[in-house]
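This is what each chain is made of:
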Amino acid sequence: MKIARVADAFGERFWAQVDEDAGLAWRIASTFRTWAPAAAGGDTSGLRLAASPLSLATLRLLAPVEPGARIFGVGLNYLQHLTRLGRKEAPPHTIAYIKPESAVVDPGGEIAYPAITRQLDFEIELVAVVARELGETPRASDCLLGYTIGNDVSARDAGERLGTLDLFSQKALDRTAPIGPWIATRDLCGHVGQPDLQMRLSINGELRQQDRTSNMIFSIDELLDFVDARVTLHPGDLLFTGSTCGVGLEDGRFLRPGDRIEAEIEGIGVLTHWVGLPRVLLPNRRCGRLGLPD
């Protein structure tokens, strides 16, 4: 089952079950916290679907994020990516960060080019969607509704002058986290345990990233437990699970204004977006030690 968050011609926003091939969508009448926990276990009776479908062509796809949900991300999760950056072995554990709501970009939307970077990078990632709190569930991934696609666009030169990571400036920038086009429930992604899905990212038609999600260093279950040990995960929360090799940081080919990006993950779909013009700060906003690039 695929579930999208959409807006109709009147601007009303709601969740819907979609049939991509038929081009149809059925509005979900109940609240996310009501239907998502049951749907995670395969019970769709709580969706309370509208009797008559809507045409997908009349709806605008939104990022599949429940209002008020948190967006977490982790890194250091694909060994081939790390070895290309000079690491010789897997890290002892992952690292994590939080993205604000303002970072989200809807499917087909424009990625902002922030004023604080000249090295805007791309990172395709499998994104896990939480349906219920992990609690005492033996396997954390059993609490997922399913997965969607994310592009963890990052300012690679943030913190360069400090000689250390500045994850806020790298990962929390306005309109730099495309998510979508919808959520594919776990039965479409392997159902139980670690997904084994092909993921591909192309820029202007050129393939730049390709890998399988089974090559993660830290499994989905381990990543969920890592975050939940620090911040209790709630229904609707999202987790970016790390990216593989082929990013601009490896060869210096960063994103440019006008670039068209297509991120595809097997069983989910294709997320398309493009890069906007660089932001220009107003003179009064360029005062002080802002950590701007030279």
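Refer to the structure above for everything that follows.
Keep in mind it's a predicted model, so treat the numbers as computed, not measured. (Residues numbered from 1 in each chain as written. Predicted model: local features only at pLDDT ≥ 70, side-chain atom pairs only at ≥ 80, totals over all residues. Heavy atoms only, no water.)

Chemist: Would you explain the pattern of salt bridges in this entry?
Modeler: Note on pairing: side chains with opposite charge can pair once their charged atoms come close. In the structure shown here, the tally under the stated rule is 18 salt bridges. Residue lysine 99 is joined to aspartate 152 by a salt bridge in which the shortest nitrogen-to-oxygen separation is 2.7 Å. One end of the pair, lysine 99, is in strand S7 (residues 95-99); the other, aspartate 152, is in the loop between strand S12 (144-151) and strand S13 (154-155), with 53 residues separating them in the sequence. For the residue pair lysine 99 and aspartate 152, the accessibility class agrees, reading buried in each case. A network of salt bridges, in which partner residues are shared, links Lys99, Asp121, Glu123, Asp152, Arg156 and Lys171. (Salt bridge = Lys/Arg side-chain N within 4 Å of Asp/Glu carboxyl O. Helix = DSSP H or I, 4+ residues; strand = E, 2+ residues; numbered from the N terminus. Buried < 20%, exposed > 50% of the residue type's maximum accessible area, 1.4 Å probe, protein only.)

Chemist: Can you help me understand the sheet that holds strand S15 (residues 198-203) in this one?
Modeler: Taken in spatial order, the five strands line up as S9-S19-S18-S15-S16 in an open sheet, and their pairing is mixed. In this open sheet, the two strands that pair with only one neighbour each are strand S9 (110-113) and strand S16 (206-212). When the angles between neighbouring strand axes are averaged without regard to direction, this sheet yields 20°. Sheet topology note: the S9/strand S19 (residues 269-278) ladder contains three bridges and is parallel. Bridge pairing links isoleucine 111 to valine 275 in S19. (Pairing = 2+ DSSP bridges. Axes fitted to C-alpha atoms, helices over the stretch in contact; angles between N-to-C directions.)

Chemist: Even after reading the chapter, I still don't get the side chain of aspartate 157, so can you show me in this structure?
Modeler: You can see aspartate 157 is positioned in the loop between S13 and helix H3 (167-171). Buried and unpaired, aspartate 157 has no salt bridge, with arginine 118 as the nearest side chain of opposite charge at 6.5 Å. A polar contact of 2.5 Å, which involves the side chain of aspartate 157, links it to the side chain of threonine 117. Excluding residues within four positions of it along the chain, aspartate 157 makes contact with Ile116, Thr117, Arg118, Gln119 and Pro293. (Lys, Arg positive; Asp, Glu negative; His and termini not counted. Polar contact = N/O pair within 3.5 Å; in protein donor to acceptor, adjacent residues only side chain to side chain. Contact = heavy atoms within 4.5 Å.)

Chemist: For this particular structure, what's the right way to read the pairing of S12?
Modeler: Most of S12 is tucked away, with eight of its eight residues classed as buried. Bridge analysis of strand S11 (residues 124-130) against S12 gives seven bridges, and the strand direction is antiparallel. Paired with valine 129 across the bridge in S12 is glycine 146.

Chemist: Even after reading the chapter, I still don't get the nonpolar core, so can you show me in this structure?
Modeler: A general feature of soluble globular proteins is that nonpolar side chains tend to end up buried together. Judged by nonpolar contacts, the single largest core of 49 residues is most densely connected at Leu126, Tyr147, Leu224, Leu239, Leu255, Ile265 and Ile268. Among the elements that line this core, the one with the most residues is helix H4 (residues 220-228), at five residues. Discounting chain neighbours no more than four positions away, the residues touching leucine 255 are Tyr113, Leu120, Asp121, Phe122, Val153, Ile203, Ile261 and Val275. Within the second largest apolar cluster, 24 residues are counted, among which are Trp35, Ala39, Ala40 and Phe240. (Core = buried A, V, L, I, M, F, W, Y, C linked by side-chain atoms within 4.5 Å.)

Chemist: Teacher, can you tell me more about H4 here?
Modeler: Every α-helix winds through 3.6 residues per turn, so residues three or four apart in the chain are directed the same way. Along H4, the positions that sit buried rather than exposed are Ile220, Asp221, Leu223, Leu224, Phe226 and Val227. Against the buried residues of H4 lie strand S6 (71-75), S7, S11, S12 and strand S17 (238-240).

Chemist: Sorry, what's going on with the packing of aromatic side chains here?
Modeler: Describing an aromatic ring pair means giving the distance of the ring centres and the angle of the ring planes. This model, assessed by the stated rule, comprises three aromatic pairs. Geometrically, the ring pair formed by phenylalanine 32 and tryptophan 35 is edge-to-face, given 5.0 Å between the ring centres and 65° between the ring planes. With phenylalanine 32 and tryptophan 35 both in helix H1 (residues 32-40), this residue pair falls three residues apart, about one helical turn. A relative accessible area of 2% places phenylalanine 32 in the buried class. (Phe/Tyr/Trp six-rings, centres within 6.5 Å; stacked < 30°, edge-to-face > 60°.)

Chemist: Looking at this structure, how should I read the state of the cysteines?
Modeler: Here is the idea: a disulfide is a covalent bond, and it sits between the sulfur atoms of two cysteines. This model, assessed by the stated rule, comprises zero disulfides. You can see cysteine 143 has no disulfide; the closest cysteine sulfur is in cysteine 189, sitting 16 Å from it. Of the residues examined, cysteine 143 reaches a relative accessible area of 0% and is grouped as buried. (Disulfide = S-S within 2.5 Å.)

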